[in-house]
Amino acid sequence: GAGVSQTPSNKVTEKGKYVELRCDPISGHTALYWYRQSLGQGPEFLIYFQGTGAADDSGLPNDRFFAVRPEGSVSTLKIQRTERGDSAMYLCASSGDYNEQFFGPGTRLTVL
Amino acid sequence: AQRVTQPEKLLSVFKGAPVELKCNYSYSGSPELFWYVQYSRQRLQLLLRHISRESIKGFTADLNKGETSFHLKKPFAQEEDSAMYYCALTHNAGNMLTFGGGTRLMVKP
């Protein structure tokens, strides 16, 4: 079946612009996670949804970052006033009953 | 706070040699430990988890609570094992993963 998908695969933007990154989880998965991976490092947790609500957003670095999941399926990560330090691979994962997280291919964000 | 350390950024071995990728963690409770793998041009995927106590693609990992380690081992490396390997832990509240920095395994012919 279809795995986790993320769009766009690549996003290049200018400093100060607003970006949205989309994640389509595996159908029926109630849990959805966002991670950020900088070059040469492991993924770092950003936010976790259980259904429609953000169960834990302790990993969001500051208030420029926000994520929603209005219908409990697709999620959008929103970054305002982007900075060069936001450049990274943004990964989404979803999980169902057995807590195994299935990852998407990621969105590579480059802020010029 | 939880932390996962993978001391080797790069591990290079010859085909048929034994492999051990090191992972140490710090966590005050009882975490669940995982190894994830990312092959070239593929997405991150689960390799194994300590509660399953199974061998996947010839790899095994034993949780040593005394040494707070979860090293990944394979007796005879194959070229197709070349990939990035990430050790990770989670706890029951939310299951978000804390990853180590990763180790690149290169298996030479």
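Residues numbered from 1 in each chain as written. Chains lettered and ligands numbered in written order. Predicted model: local features only at pLDDT ≥ 70, side-chain atom pairs only at ≥ 80, totals over all residues. Heavy atoms only, no water.

Draft legend 1. Looking closely at the overall build of chain A. Assigned secondary structure in chain A consists of zero helices and eleven strands. Starting at the N terminus and ending at the C terminus, chain A contains elements arranged as β-β-β-β-β-β-β-β-β-β-β. Projected onto its principal axes, the C-alpha coordinates of chain A cover approximately 40 × 25 × 20 Å. When the 112 residues of chain A are sorted by exposure, 44% land in the buried category. By sequence separation, contacts in chain A at least 24 residues apart represent 51% of the contacts at least 6 residues apart. Of the roughly 5500 Å² of accessible surface on chain A, a fraction of 47% belongs to carbon and sulfur atoms. Here chain A contributes 11 positive and 12 negative side-chain charges, whose respective centroids are spaced 9 Å apart. (Helix = DSSP H or I, 4+ residues; strand = E, 2+ residues; numbered from the N terminus. Buried < 20%, exposed > 50% of the residue type's maximum accessible area, 1.4 Å probe, protein only. Contact = heavy atoms within 4.5 Å. Areas by Shrake-Rupley, 256 points an atom, 1.4 Å probe, with all protein chains shown as cover. Lys, Arg positive; Asp, Glu negative; His and termini not counted. Charge placed at Lys NZ, Arg CZ, Asp CG, Glu CD.)

Draft legend 2. Region of the structure containing the interface of chain A and chain B. The interface is formed by 19 residues belonging to chain A together with 14 residues belonging to chain B. Contact between chain A and chain B buries roughly 1400 Å² in total, counting both sides, with carbon and sulfur atoms accounting for 52%. Here chain A is connected to chain B by zero salt bridges. Taken together, chain A and chain B are joined by six residue pairs in polar contact (both at pLDDT 80 or more). For the side of chain A that touches chain B, the secondary structure elements donating two or more residues are strand S4 (31-37) and strand S5 (44-50) of chain A. For the side of chain A that touches chain B, the element with the highest residue contribution is S4 of chain A, accounting for three residues. Taken together, the residues of the side of chain A that touches chain B sort by class into nine nonpolar, eight polar and two charged. (Buried area = accessible area lost by both parts, 1.4 Å probe. Salt bridge = Lys/Arg side-chain N within 4 Å of Asp/Glu carboxyl O. Polar contact = N/O pair within 3.5 Å; in protein donor to acceptor, adjacent residues only side chain to side chain. Nonpolar A, V, L, I, M, F, W, Y, C, P; charged D, E, K, R; others polar.)

Draft legend 3. Main features of the packing of aromatic side chains. In this structure the tally under the stated criterion is eleven aromatic pairs over all chains. When the ring of Tyr35 of chain A is compared with that of Phe45 of chain A, the centres are 6.2 Å apart and the planes differ by 70°; the resulting orientation is edge-to-face. Separated by ten residues along the polypeptide, Tyr35 of chain A in strand S4 and Phe45 of chain A in strand S5 bring together distant segments of the chain. On the basis of relative accessibility, which here comes to 0%, the residue Tyr35 of chain A falls in the buried class. Among the aromatic residues, those joined into a cluster by ring pairs are Tyr33, Tyr35, Phe45, Tyr48 and Phe103 of chain A together with Phe34, Tyr36, Tyr86 and Phe99 of chain B. The ring of Phe14 of chain B has Lys108 of chain B lying over it, and the distance from NZ or CZ to the ring centre is 4.4 Å. (Phe/Tyr/Trp six-rings, centres within 6.5 Å; stacked < 30°, edge-to-face > 60°. Lys NZ or Arg CZ within 6 Å of the ring centre and 35° of its normal.)

Draft legend 4. Geometry of the sheet that holds strand S3 (residues 19-24) of chain A. All names here are of chain A. Taking strand neighbours across the sheet as the criterion, the four strands line up as S1-S3-S8-S7 in an open arrangement whose pairing is antiparallel. At either end of the open sheet lies a strand with only one pairing partner, and these are strand S1 (5-7) and strand S7 (65-68). Direction aside, neighbouring strands of the sheet carry axes that sit 15° apart on average. Pairing of S7 with strand S8 (residues 75-79) involves four bridges; the strand directions are antiparallel. Within the sheet, the bridge partner assigned to Phe66 lies in S8 and is Lys78. (Pairing = 2+ DSSP bridges. Axes fitted to C-alpha atoms, helices over the stretch in contact; angles between N-to-C directions.)

Draft legend 5. Seen up close, unusual backbone geometry. For the bond from Thr7 of chain A to Pro8 of chain A, the omega torsion is -10°, close enough to zero to count as cis. Here Pro8 of chain A lies in the loop between S1 and strand S2 (10-13). The phi angle at Arg81 of chain A is positive, at roughly 45°, despite the residue not being glycine. Within the fold, Arg81 of chain A resides in the loop between S8 and strand S9 (88-95). With a phi angle near 55°, Lys57 of chain B is a residue other than glycine that sits in the positive phi range. Residue position: Lys57 of chain B is located in the loop between strand S6 (45-49) and strand S7 (60-61).

Draft legend 6. Main features of the environment of Glu67 of chain B. For Glu67 of chain B, the location among the structural elements is in the loop between S7 and strand S8 (72-74). Of the residues examined, Glu67 of chain B reaches a relative accessible area of 53% and is grouped as exposed.

Draft legend 7. A look at the state of the cysteines. Residues and elements named next belong to chain B. A full pass over the atoms with the stated rule returns two disulfides over all chains. Disulfide partner of Cys23: Cys87, at an S-S distance of 2.0 Å. Given an S-S torsion of about -65°, the disulfide between Cys23 and Cys87 has left-handed geometry. On the criterion of sequence distance, the pair formed by Cys23 in the loop between strand S3 (19-21) and strand S4 (24-26) and Cys87 in strand S9 (residues 83-90) is long-range, its members being 64 residues apart. For Cys23, a relative accessible area of 0% corresponds to the buried category. Taking the relative accessible area as the measure of exposure, Cys87 reaches 0% and is therefore buried. (Disulfide = S-S within 2.5 Å.)

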